[in-house]
Structure formats: structure tokens, C-alpha cells
Amino acid sequence: MNPASLLIEIGCEDLPARDVQPLADALCSALCNALDSAGVPRAAATAFATPRRIAVQVADVSGVQPDQPIQRKGPALDRAFDAEGAPTKAAQGFARSCGIAPEALIQRDGYVWYEGVAGGRPLAEVLNEAVPEIVARLDQAVPRRMRWSSTDVVFARPVRWLLALHGGNVLPLTAFGLQAGNCTYGHRFHAPEAIALPHADGYAEALHAAFVQADSAARRETIRHQVEAVASECGGTARITDALLDEVTALVEWPVAVAGRIAQDFMVLPPEVIVTTVETNQRYFTVFDAEGRLQPAFITVANIASKDPAQLIAGNERVVRPRLADALFFWNQDRRQPLDAFLPKLEKVTFQKQLGSVAHKAERVTTLARALAEALDADVVTTQRAAALCKADLATQMVFEFTELQGLMGGYYARESGETAAVAEAIASHYAPAGAGAPIPDTVPGRLVALADKLDTLAGIFAIGQPPTASKDPFALRRAAIGVLRIVIEGDLALDLHAWLRRALEAQPVDSDGDAALEQLWHFVSERLRGILAERGIGREIFDAVAALGIRDVHDFTARAQAVSAFLTMPEAPQLAAAHKRARNVLRQAGGGEGAALDPDAFSDASEKALASSLAAQAAIQEAHLQQAAYTDALRALAALQAPVDAFFDAVMVMDEDPAVRANRLALLAQLDAACRRVADVSLLSG
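The structure displayed is predicted, hence computed values, not measured ones.

Reading the values: rules and limits
- Residues numbered from 1 in each chain as written.
- Predicted model: local features only at pLDDT ≥ 70, side-chain atom pairs only at ≥ 80, totals over all residues.
- Heavy atoms only, no water.
- Helix = DSSP H or I, 4+ residues; strand = E, 2+ residues; numbered from the N terminus.
- Rg over C-alpha atoms; globule rule 2.2 N^0.38 Å.
- Buried < 20%, exposed > 50% of the residue type's maximum accessible area, 1.4 Å probe, protein only.
- Contact = heavy atoms within 4.5 Å.
- Lys, Arg positive; Asp, Glu negative; His and termini not counted.
- Charge placed at Lys NZ, Arg CZ, Asp CG, Glu CD.
- Core = buried A, V, L, I, M, F, W, Y, C linked by side-chain atoms within 4.5 Å.
- Phe/Tyr/Trp six-rings, centres within 6.5 Å; stacked < 30°, edge-to-face > 60°.
- Pairing = 2+ DSSP bridges.
- Axes fitted to C-alpha atoms, helices over the stretch in contact; angles between N-to-C directions.
- Salt bridge = Lys/Arg side-chain N within 4 Å of Asp/Glu carboxyl O.
- Polar contact = N/O pair within 3.5 Å; in protein donor to acceptor, adjacent residues only side chain to side chain.
- Expected span 1.5 Å × (residues − 1).
- Arc of directions from axis to C-beta.
- Parallel < 35°, antiparallel > 145°, perpendicular 65-115°, else oblique.
- Left-handed = near helix turned anticlockwise from the far one by under 90°.
- Nonpolar A, V, L, I, M, F, W, Y, C, P; charged D, E, K, R; others polar.

## Considering the overall build of the protein chain
Looking only at helices and strands, one finds 25 helices and 20 strands in the protein chain. For a compact globule of 687 residues, the expected C-alpha radius of gyration is about 26 Å, and the protein chain comes in at 36 Å, more than 25% above that figure. Seen along its three principal axes, the alpha-carbon backbone of the protein chain occupies a region of about 105 × 100 × 50 Å. For the protein chain, with 687 residues in total, the buried portion stands at 48%. Across the protein chain, every contact between residues at least 6 apart in sequence was considered, and the portion connecting residues at least 24 apart equals 69%. Each charge class in the protein chain can be summarised by its mean position, and for the 64 positive and 84 negative side chains these summaries are 5 Å apart.

Next comes the structure, spelled out in C-alpha cells:
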């Protein structure tokens with residue numbers, strides 16, 4: 001049978017937006033795996049996804065499986081033939097099961113074998129056999145499934161039709177209690193009747209004619225362009241996030257963007273409140289002017305080309321109005337009292353059963369933030385006040401209703417309460433960074449409050465023995481650790497992070513093995529640091545070379561790692577690393593050499609004198625660079641040692657029979673080792 005397009009479509013009730021694309025991708029992957037496993041030739045595959053369907057179209061699929069080689073292993077030779085070489089009953093039975101005479105069996109590797117060829121099966125037979133595995137892959141792609149009949153059939157939503165075409169032929173597949181046909185369905189309102197497809201190749205075009213844009217990527221771009229155009233008509237620019245765009249794409253089959261108005265009464269609300277209400281709760285897009293000011297307009301993407309757009313717009317405005325009215329009520333009610341008036345209510349809010357209330361956490365954060373400010377010679381008054389108030393908004397009505405606004409609302413309420421702008425800014429930003437790529441707090445007090453908050457969370461959860469596992473991280477400790485590291489690195493904060501983690505652990509209200517918890521927590525944070533630096537091009541060996549020195553100032557650690565990365569581009573670096581590795585091995589085998597006095601008068605070879613002279617000269621240069629934390633320059637100074645080190649190893653035997661000579665040479669190698677371990681352990685680099 002000639003190759004032709006294969007089309008599989010599963011039609012269902014409206015899927016949850018979060019499941020639409022994952023299900024389509026899972027169907028595409030499972031179908032392609034089934035074809036490939038069976039050896040059925042095919043070309044490229046395309047996945048389609050709308051709220052009411054997932055489908056895959058695979059080009060140039062053969063209608064029959066190629067002939068399949070068969071290889072079966074039979075009994076061992078000593079069981080297959082008797083002493084005279086005649087086939088035993090075991091060999092005869094095996095040959096009979098293969099449909100051949102015993103004489104046709106192949107002898108190899110101590111066994112008898114049957115080798116043959118089986119004719120390829122029709123495509124329909126191959127796919128029907130693969131259906132259970134394909135359905136299982138779909139089940140794994142969604143977290144929740146449902147039943148909709150008396151059978152045991154389950155899926156994300158009730159399945160209403162099944163389409164399977166190979167070219168112009170219907171494949172007799174059975175799944176979800178349905179027999180496959182050649183019918184699909186267009187838009188629920190614009191084209192509700194069944195559409196009989198004459199051929200698999202006309203799928204996307206037939207649906208488009210029935211008001212369904214089946215290609216999710218194309219539909220996504222259609223929505224983007226429509227929203228941008230409508231926003232321009234409103235005199236502004238739409239705020240389009242990838243998450244909202246993806247969700248809206250999964251909610252509609254025939255997108256039509258229209259604008260609505262936000263009543264002027266609601267524009268007194270903080271813009272973040274309106275954005276949260278409109279975007280998060282209603283899946284609408286907000287509009288901003290050229291100066292970044294929120295405009296009293298929103299854009300919704302309808303799933304229908306309405307004959308009366310005014311009615312559609314009025315309906316959406318009517319839906320959003322009560323939500324904004326609630327937000328306005330909360331805003332007015334919360335501002336009737338100063339922000340610090342909410343602090344007593346935090347005593348009734350549990351942070352974690354063993355770690356006490358949010359009020360207790362706020363006290364620990366305040367103490368830690370103040371200590372950080374003192375250690376860094378920062379604004380102690382602002383930092384302490386911001387830390388004391390940073391959790392107060394958790395007791396407000398607005399944050400109770402819109403939890404994603406925590407911190408941000410605290411900043412607004414602080415300003416309304418007469419707190420300084422610096423305090424308000426620190427409160428508003430103390431949850432930052434919100435995620436990968438999100439900015440850290442802009443101000444030093446904000447960074448210190450954010451740092452103290454995250455350190456307390458990390459320390460508390462590790463103190464009670466609930467670190468994250470490979471699959472679960474309920475307290476978002478990985479994000480907290482990455483936040484700590486980014487604040488320290490990007491905020492240029494010179495801190496011994498190990499010591500501050502210990503301090504945070506000591507403040508927790510639980511009895512724990514402090515040293516064990518600290519080392520477990522330090523390892524956890526260090527692994528996050530390894531990942532951050534890997535994203536910046538710092539490889540494992542560079543990380544390990546710096547870590548070998550026990551550097552616990554993360555900002556300093558990063559600077560050293562970047563310097564080593566630059567050092568490795570120098571031609572002398574590999575040879576010097578190899579020489580240092582050799583020196584350390586010699587010192588290790590000799591039991592050390594550190595602390596031994598070097599006697600220049602005991603040198604018997606010119607190479608010893610040359611190396612000692614180079615070490616002395618470079619030590620002074622290196623020290624000057626290290627005083628300025630100019631680690632790249634300090635490592636460049638080491639490059640001058642490469643030639644005298646090579647000459648030394650070529651000319652002398654370190655482990656000389658004379659104990660005095662041997663000790664002097666070991667002392668020289670100890671000085672080399674110390675010089676090569678001032679910035680990082682050079683011996684751990686590739687050489």
C-alpha cells in the first residue's frame with residue numbers, strides 16, 4: 001500500500017486549559033513511538049490542539065508494516081542432539097513450533113536457533129495493538145481523569161468522537177468505547193454539524209472552514225496580533241504574558257479579540273490589583289499607555305464571532321465589575337487603620353506547626369535583617385522597620401482574597417500609613433525575585449529583608465527535618481535558595497553565607513542537630529549555586545576548584561570562579577594545572593612539606609633557584625592583586641611559573657636520597673602549592 005497521511009483525532013468535551021497542549025503532545029509522541037517501534041516508515045508529525053480536540057497528522061505513513069525478521073532461541077546443543085547427532089524431542093518440538101524441519105535449525109553460540117521472516121501486518125492491526133499504550137501515555141499526561149459512563153473508560157473529559165484516517169481510508173480503531181470513523185466537528189455554534197473528511201490531508205483546511213483554527217501555534221499568534229491591534233485602537237499597548245497567552249489559546253477555537261471598559265471608579269485601585277483581577281481571574285488582557293500607566297480598558301478573546309459585539313462587550317464588563325467592586329471595598333476597608341495595626345492578627349496565622357505563627361517568623365526575620373544591616377553598614381532603621389512590617393499585609397482583606405499580591409499590598413498600605421518611601425519599597429519587594437529571570441529588590445533594605453525572610457524559611461524547614469525531595473518542594477525551598485544566592489551575587493553583598501545560615505538555624509524554635517542540619521542546608525544551597533554558575537558558563541571543575549578552598553562568601557566565590565574561567569583560556573593554564581597536580585601528589589605521598597623552612601643555600605641545581613626566585617617574585621605580585629580581589633590578575637601572575645616549574649621537574653628528583661635535599665625540595669613544592677591555591681585549587685583543573 002502506498003504511503004499516505006495518517007490522521008488520528010480524539011474529540012471531547014471542553015478540556016481544562018492546562019491539559020490541552022500536554023495531551024496533544026502526548027498523543028503525538030505516543031503515536032510516533034508506536035509507528036517507530038513497529039518499524040512502519042513515516043515522515044514528520046504535526047500535533048493539533050483545541051479545547052474540544054487533540055489530533056496528530058503524520059505524513060507519508062506506509063499502509064503496511066515491512067517484513068519483520070524473526071529470531072528465536074531454542075534449547076542448548078547438548079539437549080538438542082543425542083550422542084549420534086540426531087535431533088532430540090526437545091529440538092523436534094522447537095522446530096515444530098517454528099514450522100520447520102529440525103534439520104533447518106541453526107547452531108550458534110551453544111544453542112539452536114530459528115531465523116526467518118514474518119510478513120508485515122496492516123497498519124490498522126499495528127495501531128489497534130498500540131491503542132492501550134497510547135491511551136496510557138495520555139493518562140500520564142494529565143493529573144486528573146474522569147468517568148462519564150457505566151464503563152471503566154476514563155479521560156480528562158468525556159470523549160465524543162474518534163477519527164482515524166489513512167489517506168482516504170478509515171482505520172477500524174477502537175478506543176474510549178468508540179469506533180473510529182471519518183467524521184470531525186467544527187465550531188460548536190458556527191458549524192455544529194458533523195464534517196465527513198474524504199482524506200486525511202484536508203483536516204486543517206476543513207476545520208478552518210468550520211471556524212476552528214486547529215493549529216495551536218498559529219492560533220496563539222492570531223490572538224497576539226488581534227490583541228495588539230485592539231490595544232492600539234484603545235490608544236495603548238497590551239500587557240501580554242506568555243502564561244496568559246498560552247491559557248487563552250487553550251480556551252478558544254476561533255479567537256475574536258474585543259475591548260471592554262473599566263469603570264473610572266475602579267481606577268483609584270493600585271494597578272497591580274486591577275491587573276490581577278482582570279488577568280488572573282478573568283483571563284483578560286490589560287492595556288497601558290506609552291508612559292506605563294494602566295488604562296481603563298481590557299481586551300477579552302471571545303470564542304465566537306458575535307453578530308452583536310456590543311452585547312458581548314457588555315457581558316464581559318458586567319462580569320469583571322463585581323470583582324473590581326470587591327477589590328475596591330477591601331482597599332477602602334484595609335486603609336482604615338495603619339499597617340502595623342494588623343501585626344497582632346499574625347499571631348493567629350500559622351507559618352508552620354513546629355515553627356510557630358507568622359508573627360514569630362516576622363520577629364525572627366526582623367532580628368536577622370537588623371543584624372545583616374549592621375554587618376553590612378546599611379540603613380539599620382529602614383531595614384528593621386520594613387522587616388517588622390513585611391508580613392502585616394497577610395492579615396488584610398485584600399491579600400486574603402488576592403494572595404498573589406502579598407508584599408506588594410504591604411508596600412501600598414505602608415505608604416498610606418505614613419511610613420517612609422524606603423520602608424514601603426522594601427516591604428513591597430521582599431518576596432523578590434519572584435522566579436527565574438525576575439529582578440531582585442532594587443534597594444539595599446529590600447534586599448536584606450528579602451534575604452532574611454528566605455534564610456529563615458530555609459533554616460526553619462531544614463531544622464524540622466523536611467527538606468525538599470526529588471518530587472516535592474511544598475515550601476519552595478529551591479526557589480528560596482536561588483533567591484538568596486541571586487540577591488547576594490547580584491546585590492554585591494559580601495557575606496559568609498554559611499555563618500548566616502548557622503545564625504538563622506540557631507534562631508529556630510526547635511531542637512535539632514544543628515551541625516547536621518547546617519551541613520545538609522549548606523550542601524543544598526551549594527548545589528543551587530553550582531546550577532546558577534553553570535548557567536553562566538562556569539563548569540563543574542571550576543566550581544570544584546574554588547569550592548576546595550572552602551570559600552563561603554558567595555559573591556567572592558563567584559568572582560573567583562569567573563577568574564578561573566578566564567585563566568583557563570591562557571595557553572599556560574593546562575600545563576601549570578598538570579604541574580600543580582604533580583606537586584600535590586608528591587607532597588601527599590611524602591606526607592606534606594607545609595611549614596618546613598626553605599633554605600636557599602641548600603639548592604644544588606639552577607632549576608631550584610629559578611623556581612624559588614619566580615615564586616618569590618610572583619608572591620608579591622599575587623598578594624597585591626589579592627588585596628584588591630583582582631583574582632584574574634592574580635591567576636595571570638601564576639602563568640609565569642609554568643616554565644620554571646617544568647624545568648624544575650625535568651632537572652631534579654624531588655625525593656632525593658639525601659634527607660636535607662629532599663626536605664628542601666618538598667618545602668619548595670609546598671610554596672608552589674600554596675601559590676596555586678590562593679584563588680582556587682589549580683590542581684583540580686584539566687591539565
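## Some words on the nonpolar core
Core analysis: the largest hydrophobic core is formed by 132 residues, its most contacted members being Leu269, Met398, Leu455, Leu497 and Leu669. The element best represented in this core is helix H15 (residues 444–463), accounting for 11 residues. Once you skip the residues sitting within four places of it in the chain, Leu269 turns out to touch Ile274, Leu324, Ala327, Leu328, Trp331 and Met398. Of all hydrophobic cores here, the second largest spans 46 residues; its members include Ala30, Ile54, Val61 and Leu162.

## Description of the packing of aromatic side chains
In total, this model carries 11 aromatic pairs according to the counting rule given. When the ring of Phe48 is compared with that of Tyr203, the centres are 5.3 Å apart and the planes differ by 70 degrees; the resulting orientation is edge-to-face. Remark: Tyr203 occurs in helix H5 (residues 203–209) and Phe48 occurs in strand E2 (residues 45–50); sequence separation between them is 155 residues. Considered together, Phe48 and Tyr203 belong to a single accessibility category, that of buried residues. Centroid distance Trp331 to Tyr413: 5.6 Å. Interplanar angle 25 degrees. Geometry classified as stacked.

## So, the sheet that holds strand E3 (residues 53–61)
The strand order across the open sheet built from five strands is E2-E3-E1-E9-E10, with neighbouring strands paired in antiparallel fashion. Unpaired on one side and paired on the other, E2 and strand E10 (169–170) mark the two borders of the sheet. For strand E9 (residues 159–166) and E10, the ladder comprises two bridges, and the chain directions are antiparallel. Residue His166 lies in a different strand from E10, and its bridge partner there is Asn169. Docked against the sheet, helix H4 (residues 123–141) engages strand E1 (4–12), E3 and E9, running at close to 40 degrees with respect to E1.

## Considerations on the pattern of salt bridges
The tally for this structure, following the rule as stated, stands at 39 salt bridges. Between Asp556 and Arg560 there is a salt bridge, with the nearest N and O atoms lying 2.8 Å from each other. Here Asp556 and its partner Arg560 are both found in helix H20 (residues 554–567), four residues apart, which amounts to about one turn of the helix. Grouping residues by exposure puts Asp556 and Arg560 together as buried. One salt-bridge network, in which partners are shared between bridges, spans Lys361, Arg364, Lys391, Asp453 and Asp456.

## Here's the deal with the side chain of Thr366
With respect to the helices and strands, the residue Thr366 is situated in helix H10 (residues 358–375). For Thr366, a relative accessible area of 13% translates into the label buried. Polar side-chain contacts of Thr366 include one of 3.3 Å to the backbone nitrogen of Ala388. Excluding residues that lie within four positions of it along the chain, Thr366 makes contacts with Gln384, Ala387 and Ala388.

## Let's talk about the pairing of strand E17 (residues 285–288)
Alternating positions in E17 separate into two faces, Phe285 and Val287 on one and Thr286 and Phe288 on the other, with burial throughout. Judged from the two bridges that link them, strand E15 (residues 237–238) and E17 form a sheet pairing that is antiparallel. Paired with Thr237 across the bridge in E17 is Phe288. Pairing of E17 with strand E18 (residues 294–302) involves three bridges; the strand directions are antiparallel. Residue pairing in the sheet places Phe288 in a bridge with Leu294 of E18. Between E17 and E18, which follow one another and run antiparallel, lie five residues, and Gly292 among them has a positive phi close to 85 degrees.

## Quick word on helix H6 (residues 216–233)
Between its first and last C-alpha atoms H6 spans 26 Å; for 18 residues at 1.5 Å apiece the expected length is 26 Å, and the two agree. Among the residues of H6, those classed as buried are Ser216, Arg219, Arg220, Ile223, Val227, Val230 and Ala231. Viewed end-on, H6 has its buried residues packed into an arc of 100 degrees, placing them on one side of the element. Turned more than 90 degrees off the buried face of H6, the exposed positions are Ala217, His225, Ser232 and Glu233. The distance from a side-chain oxygen at the start of H6 to the backbone nitrogen of Ala217 is 3.0 Å, and the residue carrying that oxygen is Asp215.

## Considerations on the environment of Glu506
With respect to the secondary-structure elements, Glu506 resides in helix H17 (residues 497–506). Residue classification places Glu506 among the exposed positions, given a relative accessible area of 59%. Along the sequence, Glu506 and Gly460 sit 46 residues apart, while their C-alpha atoms lie 9.5 Å from each other.

## Remarks on the sheet that holds strand E4 (residues 68–76)
Think of a sheet as strands paired side by side through backbone hydrogen bonds, with each pair either parallel or antiparallel. Spatial strand order, E4-E6-E5: three strands in an open sheet with antiparallel pairing. Of all the strands in the sheet, just E4 and strand E5 (106–108) have a single pairing partner and so form its edges. Geometrically, the sheet is characterised by an average inter-axis angle of 35 degrees between neighbouring strands, direction not taken into account. Relative to strand E6 (residues 111–118), E4 runs antiparallel, the two being bridged by seven bridges.

## Brief notes about the environment of Lys391
Among the secondary structure elements, Lys391 is positioned in the loop between helix H11 (380–389) and helix H12 (397–401). Since its relative accessible area comes to 5%, Lys391 is described here as buried. Taking the C-alpha atoms as reference points, Lys391 and Leu451, separated by 60 residues in sequence, lie 14 Å from one another. Beyond its immediate stretch of four places on either side in the chain, Lys391 contacts Leu346, Val358, Lys361, Ala362, His430, Tyr431 and Asp453.

## Some points on helix H24 (residues 642–651)
Looking at H24, one finds that the buried residues are Gln642, Pro644, Val645, Phe648 and Phe649. Packed against the buried residues of H24 are helix H21 (572–590), helix H22 (606–627), helix H23 (631–639) and helix H25 (659–675).

## Quick look at the environment of Leu598
For Leu598, the position within the fold is in the loop between H21 and H22. Owing to a relative accessible area of 24%, Leu598 belongs among the partly exposed residues under this scheme. Once the C-alpha coordinates of Leu598 and Arg665 are considered, the two residues, 67 residues apart in sequence, prove to be 8.1 Å apart. When sequence neighbours within four positions are dropped, the list of residues in contact with Leu598 reads Phe603, Asn664, Ala667, Leu668 and Gln671.

## A word on the packing of helix H13 (residues 408–416) against helix H14 (residues 421–428)
Axes are the key here: two packed helices are described by the angle between their axes and the distance separating the axes. Two numbers describe how H13 lies on H14: the axes approach to 7 Å, and their chain directions differ by 165 degrees. In terms of orientation, H13 lies roughly antiparallel with respect to H14. For the pair H13 and H14, the sense of crossing is right-handed. Judged by residue contacts, Leu408, Gly410, Gly411, Ala414 and Arg415 of H13 engage Ala424, Glu425, Ile427 and Ala428 from H14. For the contact of H13 with H14, a count of residues per class yields five nonpolar, two polar and two charged.

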